[in-house]
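Listed here are the chains, written in short residue letters.
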2 protein chains.
Amino acid sequence: MTRKRFDDLDCSVACALDQVGDWWSLLVVKEAMLGTRRFVDFQQRLGIAKNILCNRLNRLVDSGVMSKVDAGEHGTRYEYRLTDKGRDLFTVITALRQWSERWNGNRDDLRLVDRISGHPIRQLRVESDDGQPLTVRDVRFEDAGAERLAKDA
Amino acid sequence: MTRKRFDDLDCSVACALDQVGDWWSLLVVKEAMLGTRRFVDFQQRLGIAKNILCNRLNRLVDSGVMSKVDAGEHGTRYEYRLTDKGRDLFTVITALRQWSERWNGNRDDLRLVDRISGHPIRQLRVESDDGQPLTVRDVRFEDAGAERLAKDA
DNA sequence: CCAAAACGGTTGCATGATGAAACCGTCCTG
DNA sequence: CAGGACGGTTTCATCATGCAACCGTTTTGG
């Protein structure tokens, strides 16, 4: 049986996980954010099998998260770079990193700091439109259809 | 071959993915945030196989993301609830949702709104300690010990 | 009070995904 | 021009997944 697809769930979260929700994809993206661009470097730094890395890079290129550019003048030297869509995963990866550091302790040698000031970055937080912090208890999932019905009535 | 473990990578992101980084775990957590608590409800709403759901719930309980409470007076009626650690994944899931809506379009019937005002929530953004927005290009990974800088992106 | 259904699983099976290693064609490098 | 680096592909053993059937307990309907 093939893995269940999430894109039929009519859920943005499921749709996102369909693109970057497997064991390796987000780590590849994170490694790219550290500056890694070449196949062998991804392979060695992540310790991933070559066939799996090949599969993941192809899928990330297919879904528009990374792009494969010919950087070798003569055809066999490639670079994999983040697209704007891929760079925008910075928020997701930062959220994961902060969550893990809060609850599992900091297992990382590297601290994420502002390049200019050298200060650590702020904790991410979900906010209302007037800037107040929101927890999961402070939000609800409003049915857009019901909203339309209510306005029609 | 068993799946490669990430907890030896000395990376907080890898450590997080080790706990919630598979195809189903974050969807189970998201479903719990919508209010789902019982086994059959998770199963039906997500369309997940029972043995896989059982495995995921057990792993989420083991890693402290959810707790299994006996809600049935007589022993066979259980509820699975988010712990504080699990509720704190709200930021991660919100980041994923916003990313997906930005780049894949809104495939969701449900809009996430402030429970009180009914207004949509703010876009998450990574900020420096003085509140300026930061992209991945504006940060570096500072080695706590040496002064090894991340390569330019 | 009894039968049936719900609940929360467990087991078996077929199939897909993964990891390790070997192999391969092209390019560059000494 | 030989050897190695690069970017894969192939093969194979093992693991994970999805599906359906089954099961013991508890609740519910008549």
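Note that the coordinates shown come from a computational prediction; the quantities given were computed from them, not determined experimentally. Every chain's residues receive numbers from 1 upward, in the order its sequence appears when written. Ligands are numbered from 1 and chains lettered from A, in the order in which they are written. Side-chain atom pairs in this predicted model are given and counted only at pLDDT of 80 or more, local residue features only at pLDDT of at least 70, and totals for whole chains, interfaces and linings cover all residues. Note that water and hydrogens are dropped before the side-chain values are worked out from all heavy atoms of the structure.

Caption draft 1: Region of interest: the overall build of chain A. The helix and strand inventory of chain A stands at 7 helices and 4 strands. Put simply, DSSP H or I for four residues or longer makes a helix, DSSP E for two residues or longer makes a strand, and each gets a number counted from the N terminus. Across chain A, helices and strands are ordered from the amino to the carboxyl terminus as α-α-α-α-β-β-α-α-β-β-α. Counting all 153 residues of chain A, 48% fall into the buried class. Within chain A, residue pairs in contact and separated by at least 24 positions form 42% of the contacts whose partners lie at least 6 positions apart. When the accessible surface of chain A is split by element, carbon and sulfur atoms take 47% of a total near 7,800 Å². Exposure is judged per residue with a 1.4 Å probe applied to protein chains only, and the accessible area is read against the type maximum: over 50% gives exposed, under 20% gives buried, and values in between give partly exposed. Contacts between residues were defined by any pair of non-hydrogen atoms, one from each residue, lying within 4.5 Å. Where accessible areas are quoted, they stem from the Shrake-Rupley method and a 1.4 Å probe; at the residue level, only the protein chains shown are allowed to cover.

Caption draft 2: Structural view of the interface of chain B and chain A. Listed as interface residues are 86 residues of chain B and, on the opposing side, 86 residues of chain A. Here's the idea: put two parts together, see how much 1.4 Å probe accessible area each one loses, and the total over both is what we call buried area. Both sides of the chain B and chain A interface together cover about 8,800 Å² of buried area, and 62% of this is carbon and sulfur. Any carboxyl oxygen of Asp or Glu that lies within 4 Å of a side-chain nitrogen of Lys or Arg is treated as forming a salt bridge with it. In this assembly, chain B and chain A are joined by 6 salt bridges. Across the pair Asp88(A) and Arg102(B) runs a salt bridge whose closest N-O atoms are separated by 2.8 Å.

Caption draft 3: Structural view of the environment of Leu26(A). Its place among the elements puts Leu26(A) in helix 2 (residues 25–33). Ignoring any residue separated from it by four or fewer positions in sequence, one finds Leu26(A) in contact with Val20(A), Leu89(A), Val92(A), Ile93(A), Leu96(A) and Leu17(B).

Caption draft 4: Geometry of the packing of aromatic side chains. Within 6.5 Å between ring centres, the rings of Phe, Tyr and Trp (the latter by its six-membered ring) count as paired, and their orientation is classed by plane angle as stacked under 30 degrees, edge-to-face over 60, tilted in between. Evaluation of the coordinates by the stated rule reveals 0 aromatic pairs over all chains. Lying across the ring of Tyr78(A), Lys68(A) places its NZ or CZ 4.5 Å from the centre. Distance and angle both matter: a charge sits over a ring if NZ of Lys or CZ of Arg is within 6 Å of the ring centre and within 35 degrees of the ring normal.

Caption draft 5: Region of the structure containing the protein's contact with DNA strand D. Residues in close proximity to DNA strand D total 25 residues, the closest being Lys50(A), Tyr80(A), Asn51(B), Arg56(B) and Thr76(B). If a single non-hydrogen atom of a residue is within 4 Å of a molecule or strand, that residue counts as near it. Put simply, 78% of the atoms of DNA strand D that lie within 4 Å of the protein are in sugar or phosphate. Any pair of N or O atoms that falls within 3.5 Å is considered a polar contact. Within protein, one atom must be able to donate a hydrogen and the other to accept it, and sequence-neighbouring residues count only if both atoms are side-chain atoms. A distance of 2.8 Å is found between a phosphate oxygen of DNA strand D and a side-chain nitrogen or oxygen belonging to Lys68(A). In this structure, a base nitrogen belonging to DNA strand D sits 2.5 Å away from a side-chain N or O atom of Asn51(B). Counting residues per element, the ones that place at least two in the surface near DNA strand D are helix 3 (39–46), helix 4 (50–62) and strand 2 (78–82) of chain A together with helix 4 (50–62) of chain B. Grouping the amino acids of the surface near DNA strand D by side-chain chemistry returns 10 nonpolar, 8 polar and 7 charged. Residues are grouped as follows: Ala, Val, Leu, Ile, Met, Phe, Trp, Tyr, Cys and Pro are nonpolar; Asp, Glu, Lys and Arg are charged; every other residue, Gly included, is polar.

Caption draft 6: Spatial organisation of helix 1 (residues 12–20) of chain B. For helix 1 of chain B, a buried count of 9 out of 9 residues is recorded, marking the element as mostly surrounded by other parts of the structure. Among the residues making up helix 1 of chain B, those that are buried are Ser12(B), Val13(B), Ala14(B), Cys15(B), Ala16(B), Leu17(B), Asp18(B), Gln19(B) and Val20(B). Packing partners of the buried residues in helix 1 of chain B comprise helix 2 and helix 6 (90–104) of chain A together with helix 2 (25–33), helix 4 and helix 5 (84–87) of chain B.

Caption draft 7: Representation of the packing of helix 2 of chain B against helix 6 (residues 90–104) of chain B in the model. All names here are of chain B. With axes taken as lines fitted to C-alpha atoms, and helix axes fitted only over the stretch in contact, angles between N-to-C directions fall between 0 and 180 degrees. Running from N to C, helix 2 and helix 6 point in directions that differ by 105°, and their axes come no closer than 11 Å. Taken as axis vectors, helix 2 and helix 6 run roughly perpendicular relative to one another. Taken together, the residues of helix 6 that come into contact with helix 2 (itself represented by Leu26, Val29, Lys30 and Met33) are Phe90, Val92, Ile93, Leu96 and Arg97. Tallied by class, residues from the contact of helix 2 with helix 6 come to 7 nonpolar, no polar and 2 charged. Oblique is the label for any angle not under 35 degrees, not over 145, and not in the 65 to 115 range, which are roughly parallel, roughly antiparallel and roughly perpendicular in turn.

Caption draft 8: Inspection of the relation of the copies chain B and chain A at higher detail. When the copies are superposed, the least-squares fit draws on C-alpha atoms of residues that have pLDDT of at least 70 in both. The transform that puts chain B on chain A rotates by 180° and translates by 0.0 Å along the axis, for an RMSD of 0.0 Å. In short, the pair behaves as if placed about a two-fold rotation axis. Mapped onto chain A, 95% of the interface residues of chain B are again interface residues, and the two copies thus contact each other with one and the same surface.

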